[in-house]
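Listed here are the chains, written in short residue letters.
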Amino acid sequence: MSLLQTRALTRHFSGLKAVETVDFDLPEGEVRALIGPNGAGKTTFVSLLCGRIPPTSGQVIFDGRDISALPAHRRINLGMAYTFQITSVFANLPVAENVALAARRREATSAGVARAVADALERVGLGDRGDQNAGDLSYGHQRLLEIAMGLAQAPRLLILDEPTQGLADAEIAAFKALVRELASSTTILLIEHNMSVVMETADRVSVLNFGQILAEGTPAEIRANPAVQAAYLGTA
Ligand SMILES: Nc1ncnc2c1ncn2[C@@H]1O[C@H](COP(=O)(O)OP(=O)(O)OP(=O)(O)O)[C@@H](O)[C@H]1O
Ligand SMILES: [Mg+2]
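Residues numbered from 1 in each chain as written. Chains lettered and ligands numbered in written order. Predicted model: local features only at pLDDT ≥ 70, side-chain atom pairs only at ≥ 80, totals over all residues. Heavy atoms only, no water.

A.B. asks: How do you make sense of the site of ligand 1 when you look at a structure like this?
C.D. replies: Neighbouring residues of ligand 1: 14 residues in total, closest Gly39, Lys42, Thr43, Thr44 and Gln85. In this structure, His193 approaches ligand 1 through a side-chain N or O atom, which is 3.1 Å from an oxygen atom. Notes on ligand 1: free accessible area 640 Å², of which the protein chains cover 60%. Elements supplying a minimum of two residues to the shell around ligand 1: strand 2 (16–27) and helix 1 (42–50). The dominant element in the shell around ligand 1, judged by the number of residues it contributes, is helix 1, at 3 residues. For the shell around ligand 1, the per-class residue count stands at 5 nonpolar, 7 polar and 2 charged. (Near = heavy atom within 4 Å. Polar contact = N/O pair within 3.5 Å; in protein donor to acceptor, adjacent residues only side chain to side chain. Areas by Shrake-Rupley, 256 points an atom, 1.4 Å probe, with all protein chains shown as cover. Helix = DSSP H or I, 4+ residues; strand = E, 2+ residues; numbered from the N terminus. Nonpolar A, V, L, I, M, F, W, Y, C, P; charged D, E, K, R; others polar.)

A.B. asks: Looking at this model, I keep getting lost on the layout of surface pockets. Mind explaining?
C.D. replies: Remark: the empty space left among the atoms is shown by a probe the size of a water molecule rolled over them. Approximately 370 Å³ is the volume attributed to the largest pocket. Lining the largest pocket we find 15 residues, and of these Tyr82, Phe84, Arg105, Met149 and Gln153 sit closest to its centre. At the level of elements, strand 6 (80–83), helix 3 (95–103) and helix 5 (139–151) are the ones that each hand at least two residues to the lining of the largest pocket. Residues belonging to the lining of the largest pocket are distributed by class as follows: 8 nonpolar, 5 polar and 2 charged. (1 Å grid on protein atoms, 1.4 Å probe; cavity = no way out; pocket = protein on both sides within 12 Å on 5 of 7 lines; lining within 4 Å. Points joined across faces, edges and corners; volume = space filled by probe spheres on them.)

A.B. asks: Is there a simple way to explain the side chain of Gln142 in this structure?
C.D. replies: Along the polypeptide, Gln142 turns up in helix 5. For Gln142, a relative accessible area of 15% translates into the label buried. Look past the residues within four positions of Gln142 in its chain and what remains in contact with it is Thr87, Val89, Ala134, Gly135 and Leu137. (Buried < 20%, exposed > 50% of the residue type's maximum accessible area, 1.4 Å probe, protein only. Contact = heavy atoms within 4.5 Å.)

A.B. asks: I keep staring at the packing of aromatic side chains and nothing clicks. Help me out?
C.D. replies: For any pair of aromatic rings, the description consists of the separation of the ring centres together with the inter-plane angle of the planes. Scanning the model with the defined rule gives 2 aromatic pairs in all. Between Tyr82 and Phe84 the ring centres are 5.5 Å apart and the planes differ by 80°, which places this aromatic pair in the edge-to-face class. Owing to a relative accessible area of 25%, Phe84 belongs among the partly exposed residues under this scheme. (Phe/Tyr/Trp six-rings, centres within 6.5 Å; stacked < 30°, edge-to-face > 60°.)

A.B. asks: Explain the pattern of salt bridges here, please?
C.D. replies: Pairing between side chains becomes possible if they bear opposite charge and their charged atoms approach one another. The tally for this structure, following the rule as stated, stands at 9 salt bridges. Salt-bridge contacts for Glu146 lead to Arg143; the nearest nitrogen and oxygen are separated by 3.4 Å. Highlighted residues: Glu146 and Arg143, both in helix 5, separated by 3 residues, approximately one helical turn. Take Glu146: its relative accessible area is 5%, and that puts it in the buried class. Several salt bridges converge on common partners, so that one network encompasses Glu28, Asp63 and Arg156. (Salt bridge = Lys/Arg side-chain N within 4 Å of Asp/Glu carboxyl O.)

A.B. asks: Whenever I open this one, helix 6 (residues 169–182) confuses me. Can you help?
C.D. replies: Two residues of an α-helix separated by three or four positions point the same way, owing to the 3.6 residues in each turn. Helix length check: helix 6 (14 residues) gives 20 Å between terminal C-alpha atoms against 20 Å at 1.5 Å per residue, within 8%. Ile172, Phe175, Lys176, Leu178, Val179 and Leu182 are the residues of helix 6 that are buried. Projection of helix 6 onto a plane perpendicular to its axis shows the buried side chains occupying an angular sector of 165°, all on one side. Along its buried surface, helix 6 packs onto strand 3 (31–35), helix 4 (110–124), helix 5, strand 7 (157–161), strand 8 (187–191) and helix 7 (195–201). (Expected span 1.5 Å × (residues − 1). Arc of directions from axis to C-beta.)

A.B. asks: Is there a simple way to think about the environment of Cys50 in this case?
C.D. replies: Residue position: Cys50 is located in helix 1. For Cys50, a relative accessible area of 2% puts it in the buried group. Counting along the chain gives 31 residues from Cys50 to Ala81, while the straight-line C-alpha distance between them is 8.0 Å.

A.B. asks: Before we go on, may I ask you to explain unusual backbone geometry in this structure?
C.D. replies: With the exception of glycine, the majority of residues adopt a negative phi angle, and the majority of peptide bonds are in the trans configuration. At Ala8, a position not held by glycine, the phi torsion is positive, near 50°. Among the structural elements, Ala8 can be located in strand 1 (residues 2–13). For Ala8, a relative accessible area of 35% puts it in the partly exposed group. Positive phi, close to 45°, is recorded for Thr21, a residue that is not glycine. Inspection of the secondary structure assignment puts Thr21 in strand 2. We classify Thr21 as partly exposed; its relative accessible area is 41%.

Next up, the structure:
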């Protein structure tokens, strides 16, 4: 069964059709990449999923339940976690405290929080940096910290908006391994411009263009799709 569905999901910005009647199905356990040109509507689409902005019309369905009218924090409590395209850690707080803020959404006891923090930092490879101020981390490590903040909520669905933007090659290689490891325990929706990340981590790919789904398929099918090449891959 689909963990996440949208039906005719639409968001207009004063006439601009940023997301237009999108029907989307994401089965539980899948790693799905969402690709498309700049301005295609990818961030707007996931903002609708998360409840950061309301739709103009249409539905978001999570685990069989229509959540279209639920505020963002209630969606987080249902098991949706996301990282932003723009890095948004608390620079003046220690790394571990950033993760603890997220973990406290789920964990009632301080021992539970500490365990969730240690586990999340370990999984992203920041286990030895908990005491550092988040603002002192490299940019790549700040992005990993954001993922740890998502993981600390034990999400059923993890949404990552361009997590590898600005990362060095070695960090991108480590990120691919991280996604593969996370895929065994959570469904992942990954907005990504780096095609090697898409090809090596995604089970399936959805292509957004001018707010609409242009194509869906396996990474190999998408790479071979002439319409996708014309709209996106030719210029990527
Ligand atoms: N708050 C807003 N107000 C007005 N227009 C917006 C707003 N947010 C997004 N848009 C417009 O909606 C369209 C889709 O933008 P969006 O950020 O969703 O694209 P994207 O696919 O995430 O692009 P990128 O790859 O550059 O991140 C763009 O034309 C953008 O300018
Ligand atoms: Mg975007």
